[in-house]
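Architecture at a glance
One letter stands for each residue in the lines below.
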Amino acid sequence: MATPIPNQRHFQDEEKAREYLEALRWSNGVVCPHCGSVGKHYILTGKSHRKGLRKCSDCREQFSVTVGTVFERSKIKLHIWLMAVHLVCAAKNGMSSMELHRLIGVTQKTAWFMLHRIREAMKPESGGLMDSGGGTVEADETYWGNTKRSQAAKGYKGRGYAHKEKIVSLVELGDKVRYFHVQTVTAKTLKPILVSQIALDAHLMTDESSLYTKVGKEFASHNVVTHSAGEYVRGMNHTNTIEGFFSRLKRGLMGTYHHVGSQHLGRYVTEFDFRYNTRKGTDAERATAVIGGIGGKRLMYCHS
Ligand SMILES: [Zn+2]
């Protein structure tokens, strides 16, 4: 019988966690994070050295497996980090810092920092152009946040979207989603996102908003679904996929994260993006994907 997940050694023991991380990150040889040389190092032993400390024979710098990752310089033990990653990957609708604090026994503030680092590791490297095979990409925008009370406090009047957070989303049909948190939604701000993310031979699908009229001409075709005419589905022309994402995103934000500050919204959105794009994998596969993304992204927080 398989070992129950919480009893797996790399969740229990710091040393095992380090070995586990080394095997994952350095499966093709130990890479020096300072100069990039592969396999040219020796292990520093002796009482004065931390376990796992290495020295590069090329650049003479010291390093361990966490240098250059979101775990670097953390006071949190590595096995607790790995447990946190697994728990977050196993939570289908996300996890609040309060929940993580209760589950792993760190303070809520520390849990909050850990969650932001884990989200950073969920960020895709750069996925290349969407649907360069000539498929369809849906684009849509949504608005989030700012209750009536907070609008009043900030002096906003009336209706409209000016005070809300704005998220633009692109979806390859049946495949991946990418979200972008933008300051303003105009044809001018949307165009650079669309042309930098979508292949020109792709077919663009949007609602009837005039925001997309001009940029739509850049692509192989631009199909429009006219919501105002009650036309939500017209054969293949639909933006239902993207609207499904938006409702899932908002449910997650509402249910798990009650107060999402504007400056952090991008990271929460990255998390939902990651969850969707890895939905077919197991919790452990998702955790491995997060660990694959920990490099080169250390956040400059002077905490935990
Ligand atoms: Zn080096």
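Here goes a summary of the coordinates provided. (Residues numbered from 1 in each chain as written. Predicted model: local features only at pLDDT ≥ 70, side-chain atom pairs only at ≥ 80, totals over all residues.)

This next bit is on the overall build of the chain. Scanning the chain for helices and strands turns up 11 helices and 10 strands. For the chain, with 304 residues in total, the buried portion stands at 30%. Expressed as a percentage of contacts within the chain between residues at least 6 apart in sequence, the contacts between residues at least 24 apart total 59%. (Helix = DSSP H or I, 4+ residues; strand = E, 2+ residues; numbered from the N terminus. Buried ≥ 20, exposed ≤ 12 C-beta atoms within 10 Å, placed from the backbone. Contact = placed C-beta atoms within 7 Å.)

Quick look at the nonpolar core now. Counting residues in hydrophobic clusters, the biggest one holds 30 residues, and the most contacted among them are Leu82, Ala84, Val85, Val88, Leu100, Ile118 and Val290. Listing elements by their share of this core, those giving two or more residues are helix H2 (14-25), helix H3 (78-90), helix H5 (108-122) and helix H11 (283-292). If one sorts the elements of this core by residue count, H3 sits on top with nine residues. When near neighbours in sequence (up to four residues on either side) are disregarded, valine 88 contacts Met95, Leu115 and Ile118. Judged by nonpolar contacts, the second largest core, of 27 residues, contains Val137, Ala139, Trp144 and Ala202. (Core = buried A, V, L, I, M, F, W, Y, C linked by C-beta atoms within 7 Å.)

The subject of this paragraph is the packing of helix H4 (residues 97-104) against H5. Across the interface, H4 lies against H5 with an axial gap of 8 Å and an inter-helix angle of 110 degrees. Comparing their axes, H5 and H4 come out roughly perpendicular. Of the two elements, H4 crosses H5, and the hand of that crossing is right-handed. In contact with Ser97, Met98, Leu100 and His101 of H4, H5 contributes Gln108, Ala111, Trp112, Met114 and Leu115. Of the residues assigned to the contact of H4 with H5, the class counts are six nonpolar, three polar and no charged. (Axes fitted to C-alpha atoms, helices over the stretch in contact; angles between N-to-C directions. Parallel < 35°, antiparallel > 145°, perpendicular 65-115°, else oblique. Left-handed = near helix turned anticlockwise from the far one by under 90°. Nonpolar A, V, L, I, M, F, W, Y, C, P; charged D, E, K, R; others polar.)

For the rest of this paragraph, the subject is the environment of phenylalanine 246. Positionally, phenylalanine 246 belongs in helix H9 (residues 240-255). The sequence separation of phenylalanine 246 and serine 169 amounts to 77 residues, and the corresponding C-alpha distance is 8.5 Å. With residues near it in sequence (within four places) discarded, phenylalanine 246 still touches Thr142 and Ser169.

This part is about the pairing of strand S7 (residues 203-207). With five of five residues buried, S7 is to be regarded as a mostly interior element. Burial of the side chains of S7 extends over both faces: His203, Met205 and Asp207 are buried on one face and Leu204 and Thr206 on the other. As paired elements, strand S4 (residues 136-144) and S7 share three bridges and run parallel to each other. Each residue of the ladder has a partner; that of valine 137, found in S7, is leucine 204. (Pairing = 2+ DSSP bridges.)

Bringing the sheet that holds strand S3 (residues 62-63) into the picture now. Taken in spatial order, the three strands line up as S1-S2-S3 in an open sheet, and their pairing is antiparallel. Because the sheet does not close on itself, it has two edges, and the strands there are strand S1 (41-43) and S3.

Of all eight residues in strand S5 (residues 165-172), six are buried, a share of seventy percent or more. For S4 and S5, the ladder comprises eight bridges, and the chain directions are antiparallel. Bridge pairing links aspartate 140 to serine 169 in S5. With six bridges connecting them, S5 and strand S6 (residues 177-182) associate as antiparallel partners.

Attention shifts here to the sheet that holds S4. An order of S6-S5-S4-S7-S8 is seen for the five strands of this open sheet, with the pairing classed as mixed. Of all the strands in the sheet, the pair left with one neighbour each is S6 and strand S8 (221-225). Taken pair by pair, the neighbouring strands of this sheet meet at an average axis angle of 25 degrees, ignoring direction. Against the sheet, helix H10 (residues 262-277) makes contact with S5 and S6, and its axis sits at roughly 175 degrees relative to S6, the strand it touches most.

Another aspect to go through is H3. Counted at 1.5 Å a residue, the expected span for H3 with its 13 residues is 18 Å, and the 18 Å between its end C-alpha atoms agrees. If you check which residues of H3 are buried, you get Leu78, His79, Trp81, Leu82, Met83, Ala84, Val85, His86, Leu87, Val88 and Cys89. (Expected span 1.5 Å × (residues − 1).)

Another aspect to go through is the packing of H3 against H5. Running from N to C, H3 and H5 point in directions that differ by 70 degrees, and their axes come no closer than 11 Å. Considering the angle they form, H3 stands roughly perpendicular to H5. Each of Ala84, Val85 and Val88 in H3 lies in contact with H5, whose residues at this interface are Met114, Leu115 and Ile118. By residue class, the composition of the contact of H3 with H5 is six nonpolar, no polar and no charged.

Attention now goes to unusual backbone geometry. We note that arginine 60 has phi near 65 degrees; this positive angle belongs to a residue other than glycine. Topologically, arginine 60 is positioned in the loop between strand S2 (54-56) and S3. Positive phi outside glycine occurs at arginine 73, with the angle close to 55 degrees. Residue position: arginine 73 is located in the loop between S3 and H3.

Note that all results are geometric; they support no functional claim without further evidence.
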